[in-house]
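Breakdown of the fold
Here is what each chain is made of, one letter per residue.
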Amino acid sequence: MIIVLLGPPGAGKGTQADKLAARLGVPKIATGDVLRAALRDGTPRGREAKAYMDRGDLVPDSVIFGILRDVMSSPAARKGAILDGAVRTVPQAQELGIMLAELGRGVDKVLLFDISDDKLTERLGGRTVCEKCQTPYMGREPGTRCEKCGATLIRRKDDEPEAIRNRLKVYRAQTAPVIDWYDEHGMKVEKVDADGTVDEVTRRALKALEP
Ligand code: AP5
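The following refers to the structure shown. All chains use their own residue numbering, which begins from 1 and follows the written sequence. This being a predicted model, a pLDDT of at least 70 is required before a residue's local features are given, and a value of 80 or more before pairs of side-chain atoms are given or counted; all residues contribute to the totals for chains, interfaces and linings. Note that the side-chain values use all heavy atoms of the structure and ignore hydrogens as well as water.

Digging into the pattern of salt bridges
Defined as follows: Only one rule defines a salt bridge in this text: a Lys or Arg side-chain nitrogen within 4 Å of an Asp or Glu carboxyl oxygen. Here a strand is any run of E in DSSP of at least two residues, a helix any run of H or I of at least four, and the numbering for each starts at the N terminus.
Counting across every chain of the model gives 20 salt bridges. Among the ionic pairs, Asp33 bridges to Arg36, the shortest N-O distance being 2.8 Å. In this pair, Asp33 and Arg36 are both assigned in helix 2 (residues 31–41), three residues apart and thus about one turn of the helix distant. When the shortest N-O distance is used, the salt bridge between Asp158 and Arg167 registers 3.7 Å.

Focus on the nonpolar core
To keep things clear, this is the line we draw: Here, nonpolar core means buried Ala, Val, Leu, Ile, Met, Phe, Trp, Tyr and Cys residues that are tied together by side-chain atoms lying within 4.5 Å of each other. For the exposure calls, accessible area comes from a 1.4 Å probe over protein chains only, and a residue counts as buried if that area is under 20% of its type's maximum, exposed if over 50%, partly exposed in between. Contact definition: two residues touch when any of their heavy atoms are within 4.5 Å.
Counting 33 residues, the largest nonpolar core has Val4, Met72, Leu83, Leu96 and Tyr182 as the members making the most contacts within it. Those elements that place two or more of their residues in this core are strand 1 (2–6), helix 3 (44–55), helix 4 (61–72), strand 3 (81–84), helix 5 (90–102), strand 4 (109–114) and helix 7 (161–184). Here this core takes six residues from helix 4, the largest share from any one element. Apart from the residues lying within four places of it in its own chain, the contact partners of Leu96 are Val4, Leu68, Met72, Leu83, Val87, Val107 and Tyr182. In this structure, Leu20, Phe113, Ile164 and Ala205 belong to the second largest nonpolar core, which totals 22 residues.

With respect to the pairing of strand 1
Both faces of the sheet carry side chains from a regular strand, because those side chains alternate between them. Note the threshold: When DSSP finds two or more bridges between two strands, those strands count as paired.
For strand 1, a buried count of five out of five residues is recorded, marking the element as mostly surrounded by other parts of the structure. Of the two faces of strand 1, the one lined by Ile2, Val4 and Leu6 and the one lined by Ile3 and Leu5 are each fully buried. When strand 1 meets strand 3, the two strands line up parallel, connected through four bridges. In the strand pairing of strand 3, Ile2 is matched with Ala81. As defined by bridge partners, strand 1 adjoins strand 4 across four bridges and the pair is classed as parallel. From the neighbouring strand, Ile3 faces strand 4, where its bridge partner is Lys109.

Comments concerning the packing of aromatic side chains
Here the distance between the centres and the angle between the planes together describe a pair of aromatic rings. Under the convention used in this document: In this analysis, rings of Phe, Tyr and Trp, with Trp reduced to its six-membered ring, are considered paired at centre separations within 6.5 Å, and the interplanar angle assigns stacked below 30 degrees, edge-to-face beyond 60, and tilted for intermediate values.
According to the stated counting rule, one finds one aromatic pair in the structure shown. Ring geometry for Trp181 and Tyr182: centres 5.2 Å apart, planes at 80°, overall edge-to-face. For the pair formed by Trp181 and Tyr182, the shared burial category is buried.

Re the sheet that holds strand 2 (residues 28–30)
The cut-off we apply is this: Angles here are taken between N-to-C directions and fall from 0 to 180 degrees, while the axes themselves are lines fitted to C-alpha atoms, restricted in helices to the stretch in contact.
The parallel open sheet is built from five strands, whose spatial order is 2-3-1-4-8. Pairing within the sheet leaves two strands with one partner each, and these edge strands are strand 2 and strand 8 (189–193). Across this sheet, the average inter-strand angle for adjacent strands is 25°, counted without regard to direction. In terms of strand pairing, strand 2 meets strand 3 through three bridges, oriented parallel.

Some words on the state of the cysteines
Applied cut-off: Pairs of cysteine sulfur atoms within 2.5 Å are what we label disulfides.
Under the definition given, this model contains zero disulfides. There is no disulfide at Cys133, and the cysteine sulfur nearest it, in Cys146, is 3.7 Å away.

This is how it looks when you write it as structure tokens:
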């Protein structure tokens, strides 16, 4: 099953992608995590993406096409994938469709995590993430240890107030049109209320995935 997760920054896509991936037994593919790992490793892809990510702008479509091509053709994604933030522009939605059609596959479901600006600003302002495995946390100070892998928790550069404002602006201008694009191309976008506990939101997402 190939599931596309849409939603503004801080809606909880990453948190829910982990839950859904574990539940459905398919990998989570988060382009933000792939880019941050490339940045940490100092690869050319990471160096190209850095300035865009720090400002909260989208990295060029060509970079994302490369990542999608790599991951969708990998054996790990044979059973399916949870695509977290991997589709943020209409050209990316189009290209993913073409890529999957070439592999004899297609997107099965699109979930849109819906939440107010106030709530997501509060979430992003309080977030720390593991510098290694990128697990997000709430209410944990930078410098403390990740529960999963023991590495250090840090604040993301794009969780500064100015970058958050820009990410929201970019979401409305470039990612919100993807919702209409899927609707117009016969793929019903299932809206999931993302305000609630993590478990409540997971339950709503699993319900939205039912046939
Ligand atoms: P990315 O890392 O994907 O950032 P984002 O989309 O802005 O999303 P976030 O990771 O900020 O939020 P989230 O929705 O995953 O929420 P989370 O689960 O962490 O991308 C970063 C950058 O990479 C982009 O800005 C862009 O530059 C580039 N990029 C990536 N993909 C791209 C693409 N396809 N095209 C172009 N550029 C691309 O939750 C947030 C916080 O809330 C956490 O602390 C979490 O613990 C907490 N939380 C989650 N759920 C709940 C809940 N139910 N209750 C209470 N707290 C909760």
